[in-house]
Amino acid sequence: GGLDQENTVANAFFSRPFGATVAQLGLTYHRLDDRVALDSSPRTRQASLTLLHPLRLGAISGTVGPGVVWRDVSGGATATRDVQATLLLALAGGPHRFSLNAGVLSQEPSPLANPDVATVNFGMDYRYRTGQHEFGADVTVFDRNPSPGEDTRAWRAGVSWTWYFDATPMAAAARPQATVA
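Criteria and thresholds
- Residues numbered from 1 in each chain as written.
- Predicted model: local features only at pLDDT ≥ 70, side-chain atom pairs only at ≥ 80, totals over all residues.
- Heavy atoms only, no water.
- Phe/Tyr/Trp six-rings, centres within 6.5 Å; stacked < 30°, edge-to-face > 60°.
- Buried < 20%, exposed > 50% of the residue type's maximum accessible area, 1.4 Å probe, protein only.
- Patch = residues over 30% accessible without salt bridge, like charges linked within 9 Å, V, L, I, M, F, W, Y side chains within 5 Å.
- Areas by Shrake-Rupley, 256 points an atom, 1.4 Å probe, with all protein chains shown as cover.
- Salt bridge = Lys/Arg side-chain N within 4 Å of Asp/Glu carboxyl O.
- Helix = DSSP H or I, 4+ residues; strand = E, 2+ residues; numbered from the N terminus.
- Contact = heavy atoms within 4.5 Å.
- Pairing = 2+ DSSP bridges.

What about the packing of aromatic side chains?
Consideration 1: A complete count under the given rule lists one aromatic pair for this structure.
Consideration 2: Ring centres of tryptophan 163 and phenylalanine 165 lie 5.0 Å apart, and the angle between their planes is 75 degrees; this geometry places the pair in the edge-to-face category.
Consideration 3: Judged by relative accessible area, which is 74%, phenylalanine 165 ranks as exposed.

Right, here's the structure in full:
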């Protein structure tokens, strides 16, 4: 078996502020022309849109960002039409940092033998910094539901402690550099 493929890829990314909100648009096109394997020349078109908006709640500042991704894969056994809604949240204030991301993915494959799939993912991370110590906790949840088919569920939870050698990591970068004459 030989290999004779041609890949064509084009990507574009646009970002534009609208007042305090920043809109981000991503476009992707990918065509794989496989001249050896039959029925294996998929074409992928994808568009994504995210709106990032700053937040301020007293001493806490951050960003919230809803988004959506649309993907169409055609030309082969992997043909599918996908839509994914996403949400991100990042907050920081004093010694506290918190981030959250969530998404819902709907996949509708074209071959009738393949099941439609709904996937939900969620993750959060919290950090507390005091002096050279940082304590953290994070949780990740994944739930995949093919129809028909058996569901897949997974989760992970963790706690962490980090000790920084430098009491204030950013202070070292902000120090003026010594001049050697």
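Looking at a nonpolar patch on the surface
Consideration 1: Together, Phe14, Leu25, Leu27, Leu49, Leu51, Val68, Trp70 and Val83 give the surface a local cluster of nonpolar side chains, amounting to about 630 Å² of exposed area.
Consideration 2: At the level of elements, strand S2 (21-34), strand S3 (40-57) and strand S4 (60-76) are the ones that each hand at least two residues to the nonpolar patch.
Consideration 3: Along the chain, tryptophan 70 turns up in strand S4.
Consideration 4: With relative accessibility at 35%, the residue tryptophan 70 sits in the partly exposed group.

Some thoughts on the side chain of threonine 44
Consideration 1: Position of threonine 44 among the secondary structure elements: in strand S3.
Consideration 2: Contact partners of threonine 44, with chain neighbours within four places excluded, come to Thr28, Tyr29, His30, Arg71, Asp72 and Val73.

Thoughts on the environment of proline 66
Consideration 1: Following the sequence through the fold, proline 66 ends up in strand S4.
Consideration 2: Residues proline 66 and threonine 86, 20 residues apart in the sequence, show an inter-C-alpha distance of 5.7 Å.
Consideration 3: Those residues in contact with proline 66 that lie beyond four places of it in its chain are Leu49, Thr50, Leu51, Thr86 and Leu87.

Regarding the pairing of strand S1 (residues 5-18)
Regular strands show a simple pattern: their side chains alternate between the two faces of the sheet.
Consideration 1: Pairing of S1 with S2 involves 14 bridges; the strand directions are antiparallel. Note that in S2 the partner of glutamine 5 across the bridge is aspartate 34.
Consideration 2: Counting the residues in the hairpin turn of S1 and S2 gives two residues, including glycine 19, whose phi is positive at 70 degrees.

Remarks on unusual backbone geometry
Consideration 1: Put simply, serine 147 and proline 148 share a cis peptide bond, and its omega is 0 degrees.
Consideration 2: Considering the arrangement of structural elements, one finds proline 148 in the loop between strand S8 (133-147) and strand S9 (152-163).

Thoughts on the pairing of strand S5 (residues 80-93)
Consideration 1: Relative to S5, S4 runs antiparallel, the two sharing 13 bridges. Each bridged residue has a counterpart across the sheet, and for valine 73 the counterpart in S5 is threonine 80.
Consideration 2: Between S5 and strand S6 (residues 96-109), which pair antiparallel and follow one another directly, the connecting turn spans two residues, one of which, glycine 94, has a positive phi of 60 degrees.

Here's the deal with the pattern of salt bridges
Consideration 1: Tallied over the full model, the rule gives ten salt bridges.
Consideration 2: Notably, a salt bridge pairs glutamate 6 with arginine 31, separated by 3.5 Å at the nearest N-O pair. Pair noted here: glutamate 6 is in strand S1 and arginine 31 is in strand S2, with a separation of 25 residues, a long-range link.
Consideration 3: For glutamate 6, a relative accessible area of 31% puts it in the partly exposed group.
Consideration 4: When its relative accessible area of 28% is taken as the criterion, arginine 31 is described as partly exposed.
Consideration 5: Among the salt bridges present, the one from aspartate 72 reaches arginine 45, with a minimum N-O distance of 2.7 Å. Within this pair, whereas aspartate 72 is found in strand S4, its partner arginine 45 is found in strand S3, the two being separated by 27 residues in sequence.
Consideration 6: Taking relative accessible area as the criterion, aspartate 72 reaches 5% and is therefore assigned buried.
Consideration 7: Judged by its relative accessible area of 32%, arginine 45 is partly exposed.
Consideration 8: Among the ionic contacts, a cluster of salt bridges with common partners joins Glu6, Arg31 and Asp33.

By themselves, these figures tell us nothing about what the structure is for.
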